[in-house]
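What the coordinates show
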Amino acid sequence: MKKVFLVATALICLFLSSYAQTKKHNIDKVAAVVGNNIILLSDLNQQYTQYLYQGNPANEEIKCKILQNTLTQKLLKQQAEIDSVMVEDNQVDDEVNKRMRYSMQRAGGQERLEQFLNKSVLQYKDEIRPSVKDELIAQKMQQKITENINVTPMEVEKYFKSLGDSIPEFNTEVEIGEVILKPQLSREEKQRFRDKIEALRLRVKSGEDMGVLAKTYSEDPGSAADGGDYGFIDRNTMVKEFTAWAFKLKAGEISPVFETEYGFHFLQVLERRGEQVHVRHILIMPKTTPESLTRLQKHADSIYNNIVARKYSFAAAANLFSDNKETKYNGGMMLNAEDVQSRSTFIPVDKLDPSVFLVIDTMKIGGISKPNLYTGADGKEGYRILYLKSKIPPHKANLAQDFPKIRDAAQQDKISRTLSEWFEKRRESTYIKIDDEFDTCNELKIWTKHKEAK
């Protein structure tokens, strides 16, 4: 029965391939078949377009890697259908919207992106949605395959010994705590910025072109150049305050001034289309005032003095006062950005922000820095208090000192071997056909070697 199914699948796919190749202008064809899944050349070209748009150089060989990744996804998707592994539609929508926001940001707005794609953003979202869904299903299936994989201490030791002369060397690592303090504007200080944007709103209400005003005055880098135009958004695209007004207004209506974490806005709904609205807006971001920084410095000095006097611990100070949500509930400890999965607090000094390194470089273990004025990634000034919890000098990896890292590496190795074995078995038992156009792709030979051997 299985052979009959495979033969039938093959005949269907060959027919579809033949049909695709005889279409007008040879626009599309079947690039590969995996079981009962077809991969069209147009889908691969679409992914290649995304690759180019991310700023990568033109390279036809990349299409080999794209096809390899797609074949992998299709195998996982096929197993997901058997195991009833699914993803919710809202997850797919969220991922599509996230990618589109990133693309629009890189392009400098929706209009420029649409010029590059030669189609509307809505069309493009509809086109990429199926592939995004397949990708999310594949990820979920892969997680299911590996979710119960753990390593015992004995396996960690065995993995470490297997490294032989390849045992890594680690640079100096430190554990650093931080209390981040951001200035808070008084009601009177905020009012200046609210008045500024309210004046712009009244100008629009009086008949001035909102797009022109947005280009001139809006402080939103993602939309100002396009006259504040965000294109069509759904309920998951923007922060809640923005979404509330966008979906409350009728086409043509203008919102009152409202505040979000980014500053003061007002928006106009241009068009409604089902569960999407086309909006444009103007943003004015409140600026730090000298007075607010003076108040913040006094607050920072008070916190520092209380930590040094041991009225509360550094961890307690972070929990009570820090404005960094990522570290305040972690005792203020920074996480290694390159090892997020294990939530490691050990950070190589060469990966530290230079401004942090300059402060902790001369500190002793257990030392607390005085509050220092700094500029955050958002370009806003604030005060920061740092704590050097520990410092490990450069050394060759060893089990006693680096067990957590070696354990993670051993587990990743086991996961990789498990996935390799899984794919090997599935390739042997699944009908796979790849178009001759990709015969020169070395990375694809493993997908057909079993068929050639037979």
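First, a word on scope: everything that follows refers to the structure included in this document. This structure is a prediction, so every number in the text was calculated from the model and none was measured.

**Some remarks on the overall build of the chain**
Of the regular secondary structure elements, the chain holds 15 helices and 13 strands. Taken over the C-alpha atoms alone, the chain extends approximately 80 × 70 × 40 Å along its principal axes. Relative to its 454 residues, the chain shows a buried fraction of 44%. Sequence-distant contacts in the chain: of pairs separated by 6 or more residues, those separated by 24 or more amount to 64%. Accessible surface computed for the chain: about 26000 Å², of which carbon and sulfur atoms make up 51%. Here the chain contributes 67 positively and 65 negatively charged side chains, and the mean placements of these two sets differ by 3 Å.

**Brief notes about the layout of surface pockets**
The computed volume of the second largest pocket comes to approximately 450 Å³. Lining the second largest pocket are 22 residues, and of these Asp43, Gln47, Thr70, Gln73 and Ser131 sit closest to its centre. Counting residues per element, the ones that place at least two in the lining of the second largest pocket are strand E2 (37-40), helix H2 (41-53), helix H3 (62-82) and helix H6 (121-146). The element that contributes the greatest number of residues to the lining of the second largest pocket is H6, accounting for 7 residues. Among the residues making up the lining of the second largest pocket, the classes are represented as 8 nonpolar, 8 polar and 6 charged.

**Details of H2**
Its 13 residues give H2 an end-to-end C-alpha distance of 18 Å, which sits within 8% of 18 Å, the value for a rise of 1.5 Å per residue. Those residues of H2 not exposed but buried are Leu41, Leu44, Gln46, Tyr48, Tyr51 and Tyr53. In this structure, the buried side of H2 is in contact with strand E1 (30-34), E2, H3, helix H4 (89-107), helix H5 (110-117) and H6. Gly55 sits one or two residues past H2 and shows a positive phi near 95 degrees.

**A few points about the state of the cysteines**
By the definition in use, this model includes 1 disulfide. Each sulfur in the disulfide pair Cys64 and Cys441 lies 2.0 Å from the other. Here Cys64 and Cys441 share a disulfide; its torsion about the S-S bond, -60 degrees, makes the bridge left-handed. Of the two residues, Cys64 is situated in helix H3 and Cys441 in the loop between strand E13 (432-434) and helix H15 (445-453); the sequence distance between them amounts to 377 residues. Cys441 gets classed as buried once you look at its relative accessible area, which sits at 3%.

**What to know about the nonpolar core**
With 46 residues, the main nonpolar core has Leu44, Leu67, Leu71, Leu113, Ile434, Phe438 and Leu444 as its most contacted residues. Listed by contribution, the elements that provide at least two residues to this core are E1, H2, H3, H4, H5, H6, helix H14 (399-429) and E13. Sorting elements by how many residues they give to this core places H6 first, with 9 residues.

**Thoughts on the environment of Ile38**
Its location among the elements puts Ile38 in strand E2. Taking C-alpha positions, Ile38 is 66 Å from Arg310, a pair spaced 272 residues apart along the chain.

**Describing the pattern of salt bridges**
Enumeration over the complete set of coordinates arrives at 26 salt bridges. A salt bridge links Arg99 to Glu135, with the nearest nitrogen and oxygen atoms 2.8 Å apart. One end of the pair, Arg99, is in helix H4; the other, Glu135, is in helix H6, and 36 residues separate them in sequence. A salt bridge links Glu259 to Lys190, with the nearest nitrogen and oxygen atoms 2.9 Å apart. Here Glu259 is found in strand E6 (residues 258-260), whereas its partner Lys190 is found in helix H8 (residues 187-205), with 69 residues between them in sequence. Several salt bridges share partner residues, and in doing so they unite Glu95, Lys98, Arg99 and Glu135 into one network.

**Some details on empty space enclosed by the protein**
If you walk through the whole model with that rule in mind, you get 2 cavities of 30 Å³ or more. Taken as a whole, the largest cavity spans an internal volume of roughly 80 Å³. Lining the largest cavity, in full, are Asn97, Met100, Arg101, Met104, Val121, Lys125, Tyr230, Phe232, Thr237 and Met238. Where the lining of the largest cavity is concerned, the elements lending two or more residues are H4, H6 and strand E5 (229-233).

Each value, and the rule that gives it
- Residues numbered from 1 in each chain as written.
- Predicted model: local features only at pLDDT ≥ 70, side-chain atom pairs only at ≥ 80, totals over all residues.
- Heavy atoms only, no water.
- Helix = DSSP H or I, 4+ residues; strand = E, 2+ residues; numbered from the N terminus.
- Buried < 20%, exposed > 50% of the residue type's maximum accessible area, 1.4 Å probe, protein only.
- Contact = heavy atoms within 4.5 Å.
- Areas by Shrake-Rupley, 256 points an atom, 1.4 Å probe, with all protein chains shown as cover.
- Lys, Arg positive; Asp, Glu negative; His and termini not counted.
- Charge placed at Lys NZ, Arg CZ, Asp CG, Glu CD.
- 1 Å grid on protein atoms, 1.4 Å probe; cavity = no way out; pocket = protein on both sides within 12 Å on 5 of 7 lines; lining within 4 Å.
- Points joined across faces, edges and corners; volume = space filled by probe spheres on them.
- Nonpolar A, V, L, I, M, F, W, Y, C, P; charged D, E, K, R; others polar.
- Expected span 1.5 Å × (residues − 1).
- Disulfide = S-S within 2.5 Å.
- Core = buried A, V, L, I, M, F, W, Y, C linked by side-chain atoms within 4.5 Å.
- Salt bridge = Lys/Arg side-chain N within 4 Å of Asp/Glu carboxyl O.

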